[in-house]
Amino acid sequence: MKTLGRRTRLLAATTATAGLVLVAGCSSSDSGSGKTTVKGVHLAKAGQLTTCTHLPYPPFQSEIDGKVQGFDVSLIDLVAKDLGVKQQVLDTPFENFKTGAFLNSGQCDLAAAGMTITAERKKNVDFSDPYFEATQAVLVDKKAGVNSLADVKAKGKKLGAQAQTTGEDYARGKGYDPVSFHSSDAVLNGLRTGQVQAVIIDYPVVQGWLKDKANADAFKVVDNLNTGEQYGFTVKKGNAALLAAINKALKDAKADGTYKKIYEQWIGPYHSAAASPSAS
């Protein structure tokens, strides 16, 4: 998921679950560290849960009307609410938290970025329980005469993908040489401008695109590929307290219907399998 970028800026994350209030009397400052401990969880900055992400990646996180919103943001708002603090989102190159660098340096408490759980990434960070089962969609220009991923190669069409993502890896593994784009927005623009005639990317991202009538009129999904991909939130290795808080919030949200509500708001029609992905 995601690629490198150059923007690093702090943005307040505001969603339907925002408006969180700092609970007095449940936190304590760590002398000389600038950190705060809330309900046993050490936070990088007092009064807030700092989340690393890389924008944009709708519907998981993107800036809408000057606020960072999305599926991931709403779920982490639940964690922040349980801790009695507000969530703040730090937009930074994906590499900074994929490798654990910004978690280790204390610039972020966790990362939420539609990030696939992999054995390689587990060497650098600790993952939460899987919170989303993702498939890859092949979206094509309706005028290209392409009706499957195989057609892309058979008919000599160009395939696009977002750099450093499961979609790009899948395409290369199947013998394609996809045009790499630095963001999901750039992938869609490549399709719109004819740089490529087909793209492979997370299906929820495509669902978001097709809500726009102009996109729905011009493009169609011809393949939905199950790659066994599951998303997880990440924390610094060994940060068991925060990991437990994230997993509790996810478990509670799935049990009381909050997860379903957030899913339908940001992703689309709810499927129970999405809330209970198999362990990665």
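One can find the structure itself at the top, above this paragraph.
What counts and what doesn't
Residues numbered from 1 in each chain as written. Predicted model: local features only at pLDDT ≥ 70, side-chain atom pairs only at ≥ 80, totals over all residues. Heavy atoms only, no water. Axes fitted to C-alpha atoms, helices over the stretch in contact; angles between N-to-C directions. Helix = DSSP H or I, 4+ residues; strand = E, 2+ residues; numbered from the N terminus. Parallel < 35°, antiparallel > 145°, perpendicular 65-115°, else oblique. Left-handed = near helix turned anticlockwise from the far one by under 90°. Contact = heavy atoms within 4.5 Å. Nonpolar A, V, L, I, M, F, W, Y, C, P; charged D, E, K, R; others polar. Phe/Tyr/Trp six-rings, centres within 6.5 Å; stacked < 30°, edge-to-face > 60°. Buried < 20%, exposed > 50% of the residue type's maximum accessible area, 1.4 Å probe, protein only. Lys NZ or Arg CZ within 6 Å of the ring centre and 35° of its normal. Pairing = 2+ DSSP bridges.

A.B. asks: Can you walk me through the packing of helix α1 (residues 71-83) against helix α11 (residues 258-266) in this structure?
C.D. replies: Angle between the axes and distance between the axes: these two values describe a pair of packed helices. Between α1 and α11, the shortest axis-to-axis distance is 9 Å and the interhelical angle comes to 155°. One way to sum up the angle between α1 and α11 is to call them roughly antiparallel. Crossing of α1 against α11: the hand is right-handed. In this structure, α1 uses Phe71, Ser74, Leu75 and Leu78 to contact α11, whose residues at the interface are Thr258, Tyr259, Ile262, Tyr263 and Trp266. Tallied by class, the residues present in the contact of α1 with α11 amount to seven nonpolar, two polar and no charged.

A.B. asks: What's the story with the packing of aromatic side chains in this structure? I'm lost.
C.D. replies: Two measures describe an aromatic ring pair: the distance that separates the ring centres and the angle between the ring planes. Evaluated as defined, the whole model comprises 14 aromatic pairs. With a centroid separation of 5.6 Å and an interplanar angle of 25°, the aromatic rings of Phe132 and Tyr231 are classed as stacked. Placement of Phe132 in strand β11 (residues 132-141) and of Tyr231 in strand β15 (residues 219-231) is noted, with a sequence separation of 99 residues between them. In this structure, Phe132 and Tyr231 share a single accessibility class: buried. Taken together, Tyr57, Phe60, Phe71, Tyr131, Phe132, Tyr231, Phe233, Tyr259 and Tyr263 form an aromatic cluster joined through their ring pairs. Of note, Lys153 hangs over the ring of Tyr176, and the distance from its end group to the ring centre comes to 4.4 Å. Its end group placed over the ring of Tyr259, Lys254 keeps NZ or CZ at 5.7 Å from the ring centre.

A.B. asks: Is there a simple way to think about the packing of α1 against helix α10 (residues 240-256) in this case?
C.D. replies: Put simply, α1 and α10 touch, their axes get as near as 9 Å, and they point 110° apart. Judged by the angle between their axes, α1 and α10 are roughly perpendicular. Crossing handedness for the pair α1 and α10: right-handed. In contact with Leu75, Leu78, Val79 and Asp82 of α1, α10 contributes Ala245, Ile246, Ala249, Leu250 and Ala253. Looking at the contact of α1 with α10 residue by residue, the class counts come to eight nonpolar, no polar and one charged.

A.B. asks: Looking at this model, I keep getting lost on the pairing of strand β14 (residues 198-202). Mind explaining?
C.D. replies: The two faces of the sheet receive side chains in turn, since in a regular strand these alternate between them. Burial within β14 is extensive, with five of its five residues counted as buried. Strand direction decides the pairing type here: β11 and β14, joined by five bridges, are antiparallel. By the bridge assignment, Val140 is partnered in β14 with Ala198. Pairing of strand β12 (residues 159-162) with β14 involves three bridges; the strand directions are parallel.

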